[in-house]
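Spelled out from the first residue to the last, the chains are:
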Amino acid sequence: MSDSFEPVIIGFTCNWCSYRAADHAGMTRTQYPPNARLIRLMCSGRLDPTFVLKALADGADGVLIAGCHPGECHYLEQNYKALRRHRLLQRTLAQFGIEPERVRLAWASAAEGVKFAAEISEMVEEVRKLGPLNWPARPRPLATVPADIPVLSEVAA
Amino acid sequence: MTSQQERVGVYVCHCGSNIAGVVDVESVVKFAAEELKDRGVVLARDYTFMCSVAGQELIEQDIREQGLTRVVVAACSPHLHEKTFRGACERAGLNPYLAEMASIREHVAWVHSGHAAATAKAKSIVSGTVERVLKNEALDAIKVPIDAATLVVGGGIAGLQAALEVAEAGYEVYLIEREASLGGHMAQFDKTFPTLDCAACILTPKMASAGSHPKIHLFTWSEVEKVEGFVGNYTVSVKKKPRYIDEDVCTGCGICVEKCPVLVVDDNFEAGIGYRKAIYWPFAQAVPNLPVLDPDTCTYFIGAKTKDKGGCKACEIFCPTVPNSILFGQKEERVTLKVGNIILATGWELFNARRIPQYGYGRLANVFSNLELERMCNAAGPTGGKIVLRDGQTAPKAVGIVHCVGSRDRNYNPYCSAICCMQSLKLAHLVKERSGAEVYNFYIDIRTPGKDYDEFYQRVIDEGVHFVRGKVADVSDVPLGPGEESGKLYIQVEDTLAGLQRRIPVDMVVLASGLEPRHDSAEVGKTFGISCSTNGWFIEKHAKLDPIATMTDGVFVAGCAQGPKDIPASVAQGAAAAARVLSYIRQGELALEPVRASVVEEQCSGCRLCNGLCPYNAISFVEERRVSEINAALCQGCGTCVAACPAGAIQGSGYSNEQLFAQIEGLLREVRHETEVV
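From a predicted model like this one, the values you see are computed outputs, not experimental measurements.

Engineer: What am I meant to see in the environment of Asp58 of chain A here?
Structural biologist: Here Asp58 of chain A lies in the loop between helix H2 (49-57) and strand S3 (62-67). In this structure Asp58 of chain A comes out as buried when scored by C-beta crowding, with 20 C-beta atoms within 10 Å. Separated by 35 residues in sequence, Asp58 of chain A and Leu93 of chain A place their C-alpha atoms 15 Å apart. The contact partners of Asp58 of chain A, leaving out residues within four places of it in the chain, are Ile664, Glu665, Leu668 and Arg672 of chain B.

Engineer: Any chance you could explain helix H12 (residues 420-435) of chain B here in plain terms?
Structural biologist: Think of an α-helix as 3.6 residues a turn; residues three or four steps apart then line up on the same face. Residue and element names in this part refer to chain B. An ideal rise of 1.5 Å per residue puts 22 Å on 16 residues; H12 measures up with 21 Å between its terminal C-alpha atoms. All buried positions along H12 are accounted for by Cys420, Cys421, Met422, Gln423, Ser424, Leu425, Lys426, Leu427, Ala428, His429, Leu430 and Val431. Phi for Gly436, located one or two positions after H12, is positive at around 70 degrees.

Engineer: Help me understand the sheet that holds strand S2 (residues 41-47) of chain B in this model?
Structural biologist: Either a parallel or an antiparallel arrangement is found when strands of a sheet pair, and the pairing is made through backbone hydrogen bonds. Residue and element names in this part refer to chain B. Strand order in this open sheet of 4 strands is S2-S1-S3-S4, and the pairing throughout is parallel. In this open sheet, the two edge strands, each paired with only one partner strand, are S2 and strand S4 (99-103). For this sheet the average axis-to-axis angle between neighbouring strands, irrespective of direction, equals 15 degrees. In this structure, strand S3 (residues 70-75) lies alongside S4, joined through 5 bridges in parallel fashion. Considered in S4, the bridge of Val73 is made with Met101. Here helix H1 (residues 25-35) sits on the sheet in contact with strand S1 (8-13), S2 and S3, set at roughly 170 degrees to S2. This element, helix H3 (residues 78-91), spans S3 and S4 of the sheet and lies at about 150 degrees to S4.

Engineer: Help me understand the interface of chain A and chain B, please; the structure alone is not making it clear to me.
Structural biologist: Frequently, the measure chosen for interface size is the accessible area that the parts lose on association. Taken together, the contact between chain A and chain B spans 43 residues of the former and 46 residues of the latter. When contributions to the side of chain A that touches chain B are tallied by element, the ones reaching two or more residues are helix H1 (18-27), strand S2 (36-41), H2 and helix H3 (78-95) of chain A. It is H1 of chain A that provides the largest number of residues to the side of chain A that touches chain B, a total of 6 residues.

Engineer: Help me out: how do you make sense of the sheet that holds strand S20 (residues 367-369) of chain B in this one?
Structural biologist: Residue and element names in this part refer to chain B. If you trace the 5 strands from one edge of the open sheet to the other, you get S20-S27-S21-S22-S23, paired in parallel fashion. Strands at the two margins of the open sheet, each flanked by one partner only, are S20 and strand S23 (466-469). Across the sheet, the mean angle from the axis of one strand to that of its neighbour is 25 degrees, orientation sign disregarded. H12 contacts strand S21 (398-405), strand S22 (438-443) and strand S27 (508-513) of the sheet and is inclined by roughly 170 degrees relative to S21.

Engineer: Please clarify how the packing of H1 of chain B against helix H5 (residues 115-135) of chain B should be interpreted in this entry.
Structural biologist: Each packed pair of helices is defined by two parameters, the angle between the axes and the distance between the axes. All names here are of chain B. Two elements in contact, H1 and H5, have axes whose closest approach is 10 Å; the angle formed by their N-to-C orientations is 35 degrees. The way H1 lies across H5 gives a crossing that is right-handed. Contact with H1, carried on its side by Ser27, Val28, Phe31 and Ala32, involves Thr119, Ala122, Lys123 and Val126 of H5 and no other residues of that element.

Engineer: What should I look at first to understand the domain arrangement of chain B in this one?
Structural biologist: Taken as a whole, chain B is organised into domain 1 (2-140), domain 2 (142-240 + 332-347 + 527-592), domain 3 (255-318) and domain 4 (350-516). Summarising the inter-unit geometry, the C-alpha centres of domain 1 of chain B and domain 4 of chain B are found 56 Å apart.

Engineer: What should I look at first to understand the pairing of S2 of chain B in this one?
Structural biologist: Residues and elements named next belong to chain B. Two elements, S1 and S2, share 6 bridges in a ladder whose sense is parallel. Bridging across to S2, Val10 finds its partner in Ala44. The parallel pair S1 and S2 is bridged by H1, and the resulting crossover is right-handed.

Engineer: For this particular structure, what's the right way to read the nonpolar core?
Structural biologist: Buried together is how nonpolar side chains tend to be arranged in soluble globular proteins. Residues Val10, Val73, Ala74, Ala163, Leu344 and Val509 of chain B are the most contacted members of the largest nonpolar core, which totals 255 residues. Setting aside residues up to four positions removed in sequence, Val10 of chain B forms contacts with Ala32, Val41, Ala44, Val72, Ala74, Val126 and Val130 of chain B.

Engineer: Teacher, can you tell me more about the packing of H2 of chain A against helix H17 (residues 657-667) of chain B here?
Structural biologist: Taken N-terminus to C-terminus, the directions of H2 of chain A and H17 of chain B make an angle of 25 degrees; their axes are 9 Å apart at the nearest point. The orientation of H2 of chain A with respect to H17 of chain B, classified from their angle, is roughly parallel. Pair H2 of chain A / H17 of chain B crosses with right-handed handedness. Between H2 of chain A, through Phe51, Lys54 and Ala55 of chain A, and H17 of chain B, the contact on the second element is made entirely by Leu660, Phe661 and Ile664 of chain B. Here the contact of H2 of chain A with H17 of chain B is composed, by residue class, of 5 nonpolar, no polar and 1 charged.

Engineer: Is there a simple way to explain the pairing of strand S12 (residues 233-240) of chain B in this structure?
Structural biologist: Along any regular strand, the residues point their side chains to alternate faces of the sheet. Residues and elements named next belong to chain B. Where strand S11 (residues 222-230) lies against S12, 8 bridges are found, and the strand directions are antiparallel. Its bridge partner lying in S12, Ser222 is registered against Lys240. Between the antiparallel neighbours S11 and S12 lie 2 residues, among them Gly232 with a positive phi of about 90 degrees. One ladder, built from 7 bridges, connects S12 with strand S17 (residues 333-339); its direction is antiparallel. Bridged to Val238 within S17 is Val335.

Engineer: Can you help me understand unusual backbone geometry in this one?
Structural biologist: It is generally the case that most residues other than glycine have a negative phi and that most peptide bonds are trans. Residues and elements named next belong to chain B. The omega angle of the peptide bond from Val287 to Pro288 is 0 degrees, so this bond is cis rather than trans. Structurally, Pro288 can be placed in the loop between strand S15 (279-280) and strand S16 (292-293). Backbone torsion omega between Val322 and Pro323 reads -5 degrees, so that peptide bond is classified as cis. Relative to the assigned elements, Pro323 resides in the loop between helix H10 (314-318) and S17. Not every positive phi belongs to a glycine, and Asp452 is a case in point at roughly 65 degrees. Note that Asp452 resides in the loop between S22 and helix H13 (453-462). In this structure Asp452 comes out as exposed when scored by C-beta crowding, with 12 C-beta atoms within 10 Å. Even without being glycine, Arg608 reaches a positive phi, approximately 70 degrees.

Engineer: Help me understand the environment of Ala32 of chain B in this model?
Structural biologist: Residue and element names in this part refer to chain B. With respect to the helices and strands, Ala32 occurs in helix H1. Residues Ala32 and Val133 lie 101 residues apart in sequence; the distance between their C-alpha atoms is 14 Å. Not counting residues within four places of it along the chain, the set of residues in contact with Ala32 comprises Val10, Val41, Ala44 and Val126.

Engineer: Just checking my understanding: could you explain helix H2 (residues 53-66) of chain B for this structure?
Structural biologist: Residue and element names in this part refer to chain B. End to end, H2 covers 19 Å across 14 residues, agreeing with the expected 20 Å (1.5 Å per residue, within 8%). Among all positions in H2, only Gly55, Gln56, Ile59 and Ile63 are buried. The buried residues of H2 all sit within an arc of 105 degrees when viewed along its axis, so they share a single face. Opposite the packed face of H2, turned more than 90 degrees from it, sit the exposed residues Val53, Ala54 and Glu65. Looking at the buried side of H2, the elements it contacts are S1, S2, S3 and H3. A positive backbone phi angle near 65 degrees is found at Gly67, which sits one or two residues after H2.

Engineer: Looking at this structure, I do not really get the confidence of the model for chain B. What am I missing?
Structural biologist: Keep in mind that low pLDDT regions are not for reading the predicted coordinates in detail. Predicted confidence across chain B gives a mean pLDDT of 94, with 98% of residues reaching 70 or more. Among the scores for the predicted complex, ipTM is 0.90 and pTM is 0.82.

What counts, and where the lines are drawn
- Residues numbered from 1 in each chain as written.
- Chains lettered and ligands numbered in written order.
- Predicted model: local features only at pLDDT ≥ 70, side-chain atom pairs only at ≥ 80, totals over all residues.
- Helix = DSSP H or I, 4+ residues; strand = E, 2+ residues; numbered from the N terminus.
- Buried ≥ 20, exposed ≤ 12 C-beta atoms within 10 Å, placed from the backbone.
- Contact = placed C-beta atoms within 7 Å.
- Expected span 1.5 Å × (residues − 1).
- Pairing = 2+ DSSP bridges.
- Axes fitted to C-alpha atoms, helices over the stretch in contact; angles between N-to-C directions.
- Left-handed = near helix turned anticlockwise from the far one by under 90°.
- Domains from an automatic or database assignment.
- Right-handed = clockwise from strand over helix to strand, strands pointing away.
- Core = buried A, V, L, I, M, F, W, Y, C linked by C-beta atoms within 7 Å.
- Parallel < 35°, antiparallel > 145°, perpendicular 65-115°, else oblique.
- Nonpolar A, V, L, I, M, F, W, Y, C, P; charged D, E, K, R; others polar.
- Arc of directions from axis to C-beta.
- pLDDT = per-residue confidence, 0-100.

This is how it looks when you write it as structure tokens:
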């Protein structure tokens, strides 16, 4: 876990808010670390949890899921589905020994390039501290499930 | 490897030095041509401006001559030029949905400065896009019919212009106005800069034309509650607030207003310096010419609330129409409208200068807002056009106008409100002309970029108005030292040109309060499915190339709702929005992105998990076949059901699992290779 470790982050963004937030960061020349590679979905609700597992299994050290702010979803409320899936993912991944911080959920509107850049910067630092994932090649000890992640029944409600 | 049959062309754009200044374009081209050769890339090129005609022709030529079956353009954001490059493919006979863009400008060159890291990231994005495009399918755009009726929200000058343009072309317009009359803020002004023609003289004819136009259906004193649907086919629910007047019977004679014994301060149209009755006209030239009753101040309604029956009812008693036009029992009404396009022209609100306590607004009697002075200058206003102090009779001998109140100030609003310099110059001219007072303007910068605007500034200088460059620190009524008398207002300012502190005694201070977004702009934006910038103005689709459309197709913006602007710019944007709507109407139908979900019935187990997930109720269960079915006309393509289907039986065109898995693999290409070696 040397300082030279550069984590690779895959970011899932929605067409209407968070991808445009990344565009906005560009337009305002807001600098952030080059560790994140973005994929555009129409909506964060399109995020199939297997995309996240696939990214982590294929060598990503972390995954960012970014959507419109709650209440601002272009498709009315589908970002809430992303929210639920994110909670479930964090719970599931912990049982694989993957730290929940490696899968981050963020909201950014099309005007929030600065916020989007800050989310990536923070996440890169957080994942850098955790070190490389190397999953599933390297067996990992069970990570503790943080208390603030709700149990399944709460999430499904 | 199935991709062997595909022939992919990769084009890397320099965008002048925008991309090439940070990303090593040649290295990206080399990477695509050599490393991605086994993935089907048959050629990779770079060009200064891929979006130029020559750049597009390059693609077209390669499709024809090299037999490309897939195209990847690594350039700017797809939100800018996806259509451009899809068009190029289509012209060369390739299905436009077999082209993809890799955003290496907004997502790489503009946000990263390290050449090596930026180039590496650009390569992985290109690799991801190549993998994705290999899984793309040829698609056909979805055609939707456009309902010719148009909704215009806001009856200020921008909305009026838009409504009239659409109606003149022969199409139905529903014009919704929250206030009781059309006109907006412009109706409050006296003269308009820089020509000094009277606002009412140029505005009221437009109001009257809109009011009487056979194609324009007016809904004043109304608000939009709900919007459903999509471009070409919106269903809008409008709430009509009760006026307590029978609109069909009332002749607008005004006897009710005359007989009403209740006089209240008019905070709305008269900006708090005039009065109105409890039943009142918004203003003299109101369109429609109907009064409105304010239940919060009406004696009858207040009486009814306290159960003290038999309130005044003078309006009803004196109303001469049969049947009586006064309807105390009138209730809110709801109207449903079907429209194809929506133009939002909801305007602005004045910055509340009370928020800057050191300027004394609301505390010191003779500190006025610019809007108050507008009403004062207006011949039809409360003072009949006389410039007087708060006592209603004394003419000021010296007037100070403070610029940039609440604008260009990081404590309040960082933006320039764009109109206040010219408005202040106009007010300076009017005050000097009408009262002969000495007028001082305190400014940070004078901003007069507009046709004949700077000439007007020169004219006002020549008229003898004083200009002091500096931000006012304080307005006080307390005399300091022997030379100062009481009863004056002292303006403390650093004169940054002379390099000294000044303390200027005046009788009246006018605060050039800036423009702010409507307090509920975020909510209104949500209703129409558009968002607001950090400052609260509606976001346009593109700041330069499309300041009229929004990210929601079929919803357009005009006037100050999109950002501060003057009357000519509002009129121009209103007309431009109308032109865009008319173009949509003329096309008859519109091509939408073919991003839709569909059920593969053989794989569907009929679990119905997807049924409840759709926000548009597009998914239903077919009892006979025991499978779920998606209505393509209702589906908007969010893909939530695709992600949720446990059997993988729902396919999302344009964003299929295969495309996204491939893109993940491509993006992680070099990491995957490393781990395989380990």
